[in-house]
Amino acid sequence: MPSLITVAKATLLALPALASAAGQLGFSLGFAKGLDHKIEANCKTTAEFTSELELIKKVTGSNIIRLYTTSDCNLLPRVLPALKKTNSKVVLGMWSQTDEHFQKNEVPALEKYLPEYKDQVIGVTVGSEALYRKEETAEQLSKKILQVKEIVKKAGADIPVGFADTWNLLILDSANPAIEASDLILANAFSYWQGQTMANATHSFFDDIMQALAHIQKVKGATPFEFWVGETNWPTDGASFENSVPSVENAATYWKEAICPMLKWGVNVFVFEAFDEPHKESAQVEGKKGKDGKVEENVEKYWGVFEEGATKPKFDLTCL
Ligand SMILES: *[C@@H]1O[C@H](CO)[C@@H](O)[C@H](O)[C@H]1NC(C)=O
């Protein structure tokens, strides 16, 4: 792995174009209220999306969200009218797996709804951590990215298309075919999953993102591309992971010390996520007991900056 100093030099040389303005802030937004997306009652309604978008905008000033599917929960006709009504924008995600689901469900949904809602969609990503999960190769992913570029062109939309993966996959040459095919790249980085102490969480986050950005810049050369942190945040409850301790206080610190400075540095950031998702299955962590002596749950339900249904955030979300 390149040392921090080497990467810092390489990255900073290329940064002035980015650093002239603060990055944009956006939020991943869950689309379901239950695990089975075939049950209508488990899917958020247009009215629910509308009030969530209004709340996010009121509290954070952001009107940008990130979604992960076009077809599950019949999502697009539910969410796009809410985006239009609240004058919000979205980076749409498409599940790349399976091939059949992608071609039969995700692609037709995009083809059907993109033309009418061009003003709401600011980008499309194909696959979310597909390389990390070894679901497909970068070559396979790149073919789907090029296919979606054609759909976007046909719809008359002038927006970037690409993919989202974890920072540690985006520094590998094996990711290059997907990087080459993309003009939008999202890098996920969680200091929590790096097992970092609070004291080193910002260092780790910046190091991860700088390495991903430096590698992408090297691959893209003079070709312009749009870059976002695709997912980051700190969980507010659940079990510790190595040296990482979930708590509202630590999430507040990570916001002020890692997320705000990344934005200030000029990098766009999607925070994972807007609202807690209590319906998510949350495994007990083997052998881990909390203060109350009970076996602890993992953190899956506790990534929101808002509790589900709350009207106030868990901590201060301003960046001074
Ligand atoms: C802090 O983070 C950096 C970058 O991820 C890492 O190289 C270093 O080992 C970490 N330091 C500690 C004390 O864990």
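Residues numbered from 1 in each chain as written. Predicted model: local features only at pLDDT ≥ 70, side-chain atom pairs only at ≥ 80, totals over all residues. Heavy atoms only, no water.

**Re the state of the cysteines**
Heads up, the rule is: For this text, the term disulfide refers to a pair of cysteine sulfurs within 2.5 Å. The helix count covers DSSP runs of H or I at least four residues long, the strand count covers runs of E at least two residues long, and both are numbered beginning at the N terminus. Partly exposed residues are those whose accessible area sits between 20% and 50% of the maximum for their type, while under 20% is buried and over 50% is exposed, using a 1.4 Å probe and protein chains only.
Within the structure shown, the criterion is met by 2 disulfides. A sulfur-sulfur separation of 2.0 Å characterises the disulfide bridge that pairs cysteine 43 with cysteine 73. Here the disulfide of cysteine 43 and cysteine 73 is left-handed, its torsion about the S-S bond being about -80 degrees. Of this pair, cysteine 43 sits in the loop between strand E1 (25-28) and helix H3 (46-60) while cysteine 73 sits in the loop between strand E2 (64-66) and helix H4 (75-85), and the two are 30 residues apart along the sequence. Residue classification places cysteine 43 among the buried residues on the basis of a relative accessible area of 3%. The class of cysteine 73 is buried, set by a relative accessible area of 7%.

**So, the pairing of strand E4 (residues 121-128)**
Heads up, the condition is: When DSSP locates at least two bridges between a pair of strands, those strands are taken to pair. Here a crossover is taken to be right-handed if, once the strands point away from the viewer, the path from the first strand over the helix to the second is traced clockwise.
Burial within E4 is extensive, with 7 of its 8 residues counted as buried. Note that strand E3 (residues 89-94) and E4 share 5 bridges and pair parallel. When the sheet's bridge partners are listed, valine 90 is paired in E4 with valine 121. Handedness of the β-α-β unit built from E3, helix H5 (residues 99-113) and E4 comes out right-handed. One ladder, built from 3 bridges, connects E4 with strand E5 (residues 161-166); its direction is parallel. If you follow threonine 125 over to E5, its bridge partner there is glycine 162. Crossover connection from E4 via helix H6 (residues 138-154) to parallel E5: handedness right-handed.

**Considering the site of the ligand**
We count it as follows: A molecule or strand has a residue near it when one of that residue's heavy atoms lies within 4 Å. Here a polar contact means two N or O atoms within 3.5 Å. Within protein one must be a hydrogen donor candidate and the other an acceptor candidate, and residues neighboring in sequence count only if both atoms are side-chain atoms. Each residue gets one of three labels, nonpolar for Ala, Val, Leu, Ile, Met, Phe, Trp, Tyr, Cys and Pro, charged for Asp, Glu, Lys and Arg, and polar for the others, Gly among them.
Every residue close to the ligand is listed here: Gln196, Asn200, His203, Ser204 and Asp207. Interatomic distance of 2.4 Å between a side-chain N/O atom of asparagine 200 and an oxygen atom of the ligand. When its residues are assigned to classes, the shell around the ligand shows no nonpolar, 4 polar and 1 charged.

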